[in-house]
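Single-letter residue listing:
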Amino acid sequence: MFDTLVGTTVSITLNDVILATDLDVSSAKVILLAQDTYGGEDYSVTVNVTGSAYLIGWRNNRGTVTLDGNDISQNLYPNAYSIYTIDNGTHTIATDTGESYANGYTSIAISLIAFNENDISVSGKFEHNNYILTLTFERATFNVQFSIKDALTGQPLNSVTVREGDQILGTINSGDSIELTKGTHTLTFEKQGYWSKTITIDVQSDTTVEVEMYPSSAAFLLKNFPEQIKIPENTIYELNFVLSPITTEASYNTYLSISGLQDVIEVKKDGQVISPEGGKYYLGDISSDTSISIKFKAKGIGQHTFTITITSNDAIMSKTYTTSKQVSYEVVPLPFSVQFPSEFQVGKNTIRISETEGNQLTVLVILKDKDGNEVSSESAVLGPYEARDFEINIPSEGSYTLEIQYNGQIATWSITVNPSIKLLTDTVTVKEGGEGSVQVLIKNPGDDTAYYTVVLSGGFLANDVNKSISVAPLSEKTITLAFAVPGDLQYDAYDLTLKVLQGNNTLYQDKVHVIITEGEFSLPIGGSSGNTWIWILGALLVAGIAIAILRR
């Protein structure tokens, strides 16, 4: 109603004597009562106050002011400006300046401001030297808009009751506003099917307040959750939040589970790593705020979501509570690009890192084995858009992790180094007096042509079977070794030893299992495979059945 007064200032010059002067300022009535005298010029005025009013006064050390016959001079500090509140009703204000003095005079300046509604406050000062009373009007109530959401789904809530103490301020929908006076307010929000939520706000202007309410089926609040999660690709991220029981009567036998998130590295409760049990993490009984961290690796540029679910029970395990939180995060490009070799090999491998955002970047490249032990590392400072090669030396076949540390973060890649030598036929079945063969795959990871000797020995072999070969750089070759089987062997199974040598060094060694079968009986029918016997037996069976039928 009085918005036109907000921010305006009224300055009134005090003449020697101004009595009961009425000034109409918009819808507010300012009654100025002022006196500057050597004494004896006293007055009394009656005012009707609707709603509330403020008595604004100043006086020197002499003189008194009464309100409805009561001396309120102590509320009008000497040589200072002060405000005295007047209640609704009819009041009489009187002044008594006392007698004049030879060496000075008595001064009293009083102003009464009355409003129909208490929605504007007044501040001001009395400038004694110039006899000017300055009043500035300010709003005393403001519009507070409430954004009320389900804390777990983020959906807006309607029909929410708002209380301040025992007073109901109203039932509102998300997005509605309530007019509140300037200052601190403690508000409680209530809705059927939800836990009540109490917040304290300091109202100093029109503002918007966000309120999250948890369903009554949930037992926990998930506090200190990051509002926005942005993770560079391939980077390890640790999500931290606080699990706070809404009521300790519903927080027994608590489990945490995660769905929609593949690369979970570890889960911690109060700093201690928890091992998963059937895909869930047992948190136990939660009686107070508990810190939870979930460490995972981000993949795939774009928006992603996963769900955290907390289940718990009451003390007698008769009721189950479920708190589910959907987590959204964005994966963004790294501040650098990485070029990997087409395939990692045993020995020297080169990767190329290029800064892509026009900033100086310090990187540390670390190779770790499957147990997390550091194998090698190299660091460098890259200038804007600078590229640099890093040498990765892999000692043997197996699984490794490549880490690139930058800006306090870690990006990781999994590396698998396939064997450079692989036995393709570890079991061979041959006949007595026949021949068999063994195949082995050899890769050359080097930049030069490599020379190898493949040796098959042991078992029934009277002499070693050798073959010398060469393999071009960064290529592979399949080698076949043939061997003869004697016709008078004592056993039906033997083990041969296959070795691959480079010079005098044995690069690879494994066993070849040889199974010996006796010579086969054959009929003068084309073909010698096992399928021939199946056809013969089938034909004999059909013929026998036909003869039996004819005999009947």
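Residues numbered from 1 in each chain as written. Predicted model: local features only at pLDDT ≥ 70, side-chain atom pairs only at ≥ 80, totals over all residues. Heavy atoms only, no water.

## A short note on the nonpolar core
Part 1 of the argument: One finds Leu-239 and Ile-308 to be the most contacted residues of the largest nonpolar core, which totals 34 residues.
Part 2 of the argument: For this core, the elements supplying multiple residues, two or more each, are strand S20 (220-223), strand S22 (236-245), strand S23 (252-259), strand S26 (280-284), strand S27 (290-297), strand S28 (302-313) and strand S29 (320-332).
Part 3 of the argument: Apart from the residues within four sequence positions on either side, Ile-308 is in contact with Phe-225, Leu-239, Phe-241, Leu-256, Ser-257, Ile-294, Thr-323, Ser-324, Lys-325 and Val-327.
Part 4 of the argument: Membership of the second largest hydrophobic core comes to 29 residues, among which are Val-430, Ile-442, Ala-450 and Tyr-494. (Core = buried A, V, L, I, M, F, W, Y, C linked by side-chain atoms within 4.5 Å. Buried < 20%, exposed > 50% of the residue type's maximum accessible area, 1.4 Å probe, protein only. Helix = DSSP H or I, 4+ residues; strand = E, 2+ residues; numbered from the N terminus. Contact = heavy atoms within 4.5 Å.)

## Re the sheet that holds strand S34 (residues 387-394)
Part 1 of the argument: Spatially, three strands are ordered S30-S31-S34 in an open sheet, and the strand pairing comes out antiparallel. Each edge of the open sheet carries a strand with a single partner, namely strand S30 (336-339) and S34. Pairs of neighbouring strands in the sheet enclose a mean axial angle of 25°, with direction left out of account.
Part 2 of the argument: Across eight bridges, the pairing between strand S31 (residues 347-355) and S34 is antiparallel. Among the inter-strand pairings, Asn-349 is bridged to a residue of S34, identified as Ile-392. (Pairing = 2+ DSSP bridges. Axes fitted to C-alpha atoms, helices over the stretch in contact; angles between N-to-C directions.)

## A look at the packing of aromatic side chains
Part 1 of the argument: Following the criterion strictly, the structure yields 13 aromatic pairs and no others.
Part 2 of the argument: A ring pair is formed by Phe-336 and Tyr-406, whose centres lie 5.2 Å apart and whose planes are at 80°; its orientation type is edge-to-face. Taken together, the residues Phe-336 in strand S30 and Tyr-406 in strand S35 (residues 398-406) connect sequence positions 70 residues apart.
Part 3 of the argument: Among the residues examined, Phe-336 registers a relative accessible area of 4% and is labelled buried.
Part 4 of the argument: Owing to a relative accessible area of 2%, Tyr-406 belongs among the buried residues under this scheme.
Part 5 of the argument: Following the ring pairs from residue to residue traces out a cluster consisting of Tyr-237, Phe-296, Phe-306 and Tyr-329.
Part 6 of the argument: The ring of Tyr-255 carries the charged tip of Lys-280 above its face, separated from the ring centre by 6.0 Å. (Phe/Tyr/Trp six-rings, centres within 6.5 Å; stacked < 30°, edge-to-face > 60°. Lys NZ or Arg CZ within 6 Å of the ring centre and 35° of its normal.)

## Section: the pattern of salt bridges
Part 1 of the argument: This structure, assessed with the given rule, holds nine salt bridges.
Part 2 of the argument: Residue Arg-388 is joined to Glu-378 by a salt bridge in which the shortest nitrogen-to-oxygen separation is 3.8 Å. Remark: Glu-378 occurs in strand S33 (residues 374-382) and Arg-388 occurs in strand S34; sequence separation between them is ten residues.
Part 3 of the argument: A relative accessible area of 34% places Arg-388 in the partly exposed class.
Part 4 of the argument: On the basis of relative accessibility, which here comes to 24%, the residue Glu-378 falls in the partly exposed class.
Part 5 of the argument: Sharing partners across several salt bridges, the network here consists of Glu-266, Lys-268 and Lys-295. (Salt bridge = Lys/Arg side-chain N within 4 Å of Asp/Glu carboxyl O.)

## What about the sheet that holds strand S44 (residues 505-517)?
Part 1 of the argument: Reading across the sheet, the five strands line up as S38-S44-S43-S40-S41 and stay open at both edges, with mixed pairing between neighbours. Strands at the two margins of the open sheet, each flanked by one partner only, are strand S38 (427-431) and strand S41 (465-471). Geometrically, the sheet is characterised by an average inter-axis angle of 25° between neighbouring strands, direction not taken into account.
Part 2 of the argument: Relative to S44, S38 runs parallel, the two being bridged by five bridges. Each bridged residue has a counterpart across the sheet, and for Lys-431 the counterpart in S44 is Thr-517.

## So, the confidence of the model for the chain
Part 1 of the argument: With 72% of its residues at a pLDDT of 70 or more, the chain shows a mean pLDDT of 80.
Part 2 of the argument: Contacts from residues 1-5, a stretch scored under 50 in pLDDT, to residues over four places away or in other chains number 16 contacts. (pLDDT = per-residue confidence, 0-100.)

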